[in-house]
Amino acid sequence: MAGRHRLLLENAQQLVLVCGRGEEYLLREGAASLAVLRDASLVVGLDGCIKAVGQADVIRNQFSGATFERVIDCSGKCVLPGLVDAHTHPVWAGDRVHEFAMKLAGASYMEIHQAGGGIHFTVEHTRNATEEELFNTFKHRLERMRRAGSTLVECKSGYGLNLETELKMLRVIEHAKQSMDIGISSTYCGAHSVPKGKTAAEATDDIINNHLPKLKELKQSGEIHVNNIDVFCEKGVFDLESTRRILQAGKDIGLQINFHGDELHPMKSAELGAELEARAISHLEEVSDEGITAMARAKCAAVLLPTTAYMLRLKQPQARKMLEEGVIVALGSDFNPNAYCFSMPMVMHLACVNMKMSMNEALAAATINAAYALGKSDTHGSIEIGKQGDLVIINSSRWEHLIYQFGGHEALINYVIVKGKVIYQNESCGTMSSY
């Protein structure tokens with residue numbers, strides 16, 4: 001096949017497709033047998049989409065007359081889909097390292113929150129930061145996520161709690177969408193906490209009557225493109241009825257429902273999400289059996305966050321029960337000042353060790369299922385013809401090393417590729433062993 005193309009990856013020891021038949025997501029049975037090719041190659045076209053995937057000799061013959069902007073010999077290496085981080089809070093000012101010390105001394109999340117720390121501490125610093133300051137730190141964080149293999153990231157607002165600062169955060173996310181080589185799904189999370197000086201009912205009314213109409217206006221004018229709506233449905237924050245009102249109002253202006261639920265207390269968030277046809281619900285440490293059943297039936301993804309349970313010493317989400325009952329399980333880093341982790345390989349490792357997921361299940365949860373949770377599994381999350389050429393090449397003959405080597409991704413990840421363009425190359429990979 002003659003013509004010019006953007007990228008040829010050839011002779012990969014393993015080419016981990018994840019899906020091979022256009023699946024929107026993988027349940028437990030599908031994840032048990034991930035699609036993997038050996039001695040394989042792939043081609044990404046000038047439009048950034050995958051044009052061919054197959055055995056190396058077949059691709060070599062098929063594209064014998066073609067030219068490529070870049071050719072990478074992947075002999076002895078593995079190629080995987082770019083990782084998808086389905087839950088992050090990456091736009092904020094003011095770190096909370098002092099609160100980590102408080103937690104280690106025994107303070108709970110809600111005790112710190114009620115004492116004016118936690119989200120309120122970050123809100124104060126974020127309100128005072130300029131848009132440029134927020135963008136510069138956000139850009140740096142996205143670059144670190146990319147180096148750890150993430151090529152599509154869900155990014156929330158939520159440290160403003162007033163319209164002015166929430167819009168400032170969403171503009172920062174929009175700027176990154178337009179200027180950086182990384183996929184972003186943006187989430188309005190103005191109901192992350194009840195702002196000081198307001199009741200939950202007043203905050204709910206403000207969001208429905210002021211915030212969401214402004215978002216609709218900015219979306220129609222093309223200034224800001226928000227994808228999802230989020231609420232922290234929690235005891236002492238937004239109750240079930242307030243959550244329902246906000247989520248429904250967001251859905252009415254075209255936003256996907258993707259919210260925090262059943263984290264610290266059983267709130268029946270899962271049941272509510274299933275009723276509202278939510279795309280995804282995050283956390284779910286305290287989900288009920290009925291909620292799990294409802295989510296499975298509604299094809300509502302569970303975005304599990306092993307870093308949060310680990311750092312806050314919460315009980316682990318019931319990943320095994322969810323998988324066995326047919327829930328679509330996805331993973332996210334929950335990167336935020338309270339859970340400072342950029343690395344989806346480390347998230348997958350924690351999911352395997354602490355939540356008893358298999359490595360296959362964890363990889364599916366950090367690729368195709370995380371993409372599904374963001375409504376993007378038609379374009380992301382697997383290596384299939386027509387999908388975006390977002391790829392990770394690791395310096396190992398077996399893909400499982402990306403999960404097995406806890407904290408080892410910096411030596412393992414050789415290339416990160418977005419739309420067929422190399423956006424990160426680890427020069428030292430060729431000179432050192434990753435074992």
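To keep things clear, this report deals only with the structure shown in the data block. This structure is a prediction, so every number in the text was calculated from the model and none was measured.

With respect to the overall build of the protein
Looking only at helices and strands, the protein features 18 helices and 16 strands. Expected size for 435 residues packed as a compact globule is a radius of gyration near 22 Å; at 21 Å, the protein falls within 12% of this value. Overall size of the protein, expressed as C-alpha extent along the three principal axes, is 70 × 45 × 40 Å. Looking at the protein residue by residue over its 435 residues, the buried ones come to 60%. Considering only contacts in the protein between residues 6 or more positions apart, those separated by 24 or more positions represent 73%.

A short note on empty space enclosed by the protein
On inspection of all chains with the given rule, the structure shows four cavities of 30 Å³ or more. As for the largest cavity, its lining consists of 16 residues, and the residues nearest its centre are Tyr-109, His-192, Asp-334, Asn-336 and Asn-338. When the residues that make up the lining of the largest cavity are grouped by side-chain class, the tally is five nonpolar, eight polar and three charged.

Quick look at the sheet that holds strand β12 (residues 301-304)
One open sheet holds the eight strands; their spatial order is β6-β7-β8-β9-β10-β11-β12-β13, and the pairing between them is parallel. Sheet topology places β6 (83-85) and β13 (329-331) at the edges, where each strand pairs with a single neighbour. In this sheet, adjacent strand axes meet at a mean angle of 25° when their direction is disregarded. Sheet analysis places strand β11 (residues 280-283) next to β12, joined by three bridges and oriented parallel. Residue Ser-282 lies in a different strand from β12, and its bridge partner there is Val-303. Seen against the sheet, helix α6 (residues 131-147) touches β7 (150-156) and β8 (183-191) and runs at an angle of roughly 140° to β7. Together, β7 and β8 form the strand contacts of helix α7 (residues 163-179), whose direction differs from that of β8 by roughly 175°.

Some words on the pattern of salt bridges
Pairs may arise between side chains of opposite charge once their charged atoms sit close together. For the structure on display, the rule yields 22 salt bridges. Between Lys-139 and Glu-143 there is a salt bridge, with its nearest N and O atoms 3.1 Å apart. On the criterion of helical spacing, the pair formed by Lys-139 and Glu-143 is a turn pair, its members being four residues apart in helix α6. Lys-214 serves as the salt-bridge partner of Glu-217, at 3.2 Å between the closest nitrogen and oxygen. A residue pair is termed a helical-turn pair when its members lie 3 or 4 positions apart in one helix, as Glu-217 and Lys-214 do in helix α8 (residues 200-221) at three residues. Classification of Glu-217 as partly exposed rests on a relative accessible area of 44%. Overlapping salt bridges, with partners in common, bring together Glu-154, Lys-156 and Asp-230 in one network.

A word on the side chain of Ser-288
Checked against the element boundaries, Ser-288 lands in the loop between β11 and α11 (289-298). At 2.7 Å, the side chain of Ser-288 forms a polar contact with the side chain of Glu-271. For Ser-288, the side chain forms a polar contact with the main-chain nitrogen of Gly-291, separated by 2.9 Å.

Describing the pairing of strand β1 (residues 3-18)
Pairing between β1 and strand β4 (residues 66-73): seven bridges, direction parallel. Within β4, the position partnered with Leu-8 by the bridge is Val-71. Where β1 and strand β2 (residues 35-44) come together, eight bridges link them in antiparallel fashion. Pairing of Leu-15 across the sheet is with Leu-37, part of β2. Note: β1 against strand β5 (residues 78-81), two bridges, orientation parallel. By the bridge assignment, Gln-14 is partnered in β5 with Cys-78.

Digging into the packing of α7 against α8
A pair of packed helices is captured by two measures, namely the crossing angle of their axes and the spacing between those axes. Where α7 contacts α8, the axes come no closer than 10 Å and their chain directions differ by 35°. Once α7 is placed against α8, the crossing between them reads as right-handed. The residues of α8 that touch α7, namely those facing Leu-163, Glu-166, Leu-167 and Leu-170, are Asn-210, His-211, Lys-214, Leu-215 and Leu-218. Here the contact of α7 with α8 is composed, by residue class, of five nonpolar, two polar and two charged.

What to know about the packing of aromatic side chains
Scanning the entire structure with this criterion turns up seven aromatic pairs. Arranged with centres 6.3 Å apart and planes meeting at 50°, the rings of Phe-63 and Phe-68 form a pair that is tilted. You'll find Phe-63 and Phe-68 in the same group, each marked buried. With a centroid separation of 4.5 Å and an interplanar angle of 20°, the aromatic rings of Phe-335 and Phe-342 are classed as stacked. You can call Phe-335 buried: its relative accessible area is 0%.

Rules and cut-offs
Residues numbered from 1 in each chain as written. Predicted model: local features only at pLDDT ≥ 70, side-chain atom pairs only at ≥ 80, totals over all residues. Heavy atoms only, no water. Helix = DSSP H or I, 4+ residues; strand = E, 2+ residues; numbered from the N terminus. Rg over C-alpha atoms; globule rule 2.2 N^0.38 Å. Buried < 20%, exposed > 50% of the residue type's maximum accessible area, 1.4 Å probe, protein only. Contact = heavy atoms within 4.5 Å. 1 Å grid on protein atoms, 1.4 Å probe; cavity = no way out; pocket = protein on both sides within 12 Å on 5 of 7 lines; lining within 4 Å. Points joined across faces, edges and corners; volume = space filled by probe spheres on them. Nonpolar A, V, L, I, M, F, W, Y, C, P; charged D, E, K, R; others polar. Pairing = 2+ DSSP bridges. Axes fitted to C-alpha atoms, helices over the stretch in contact; angles between N-to-C directions. Salt bridge = Lys/Arg side-chain N within 4 Å of Asp/Glu carboxyl O. Polar contact = N/O pair within 3.5 Å; in protein donor to acceptor, adjacent residues only side chain to side chain. Left-handed = near helix turned anticlockwise from the far one by under 90°. Phe/Tyr/Trp six-rings, centres within 6.5 Å; stacked < 30°, edge-to-face > 60°.

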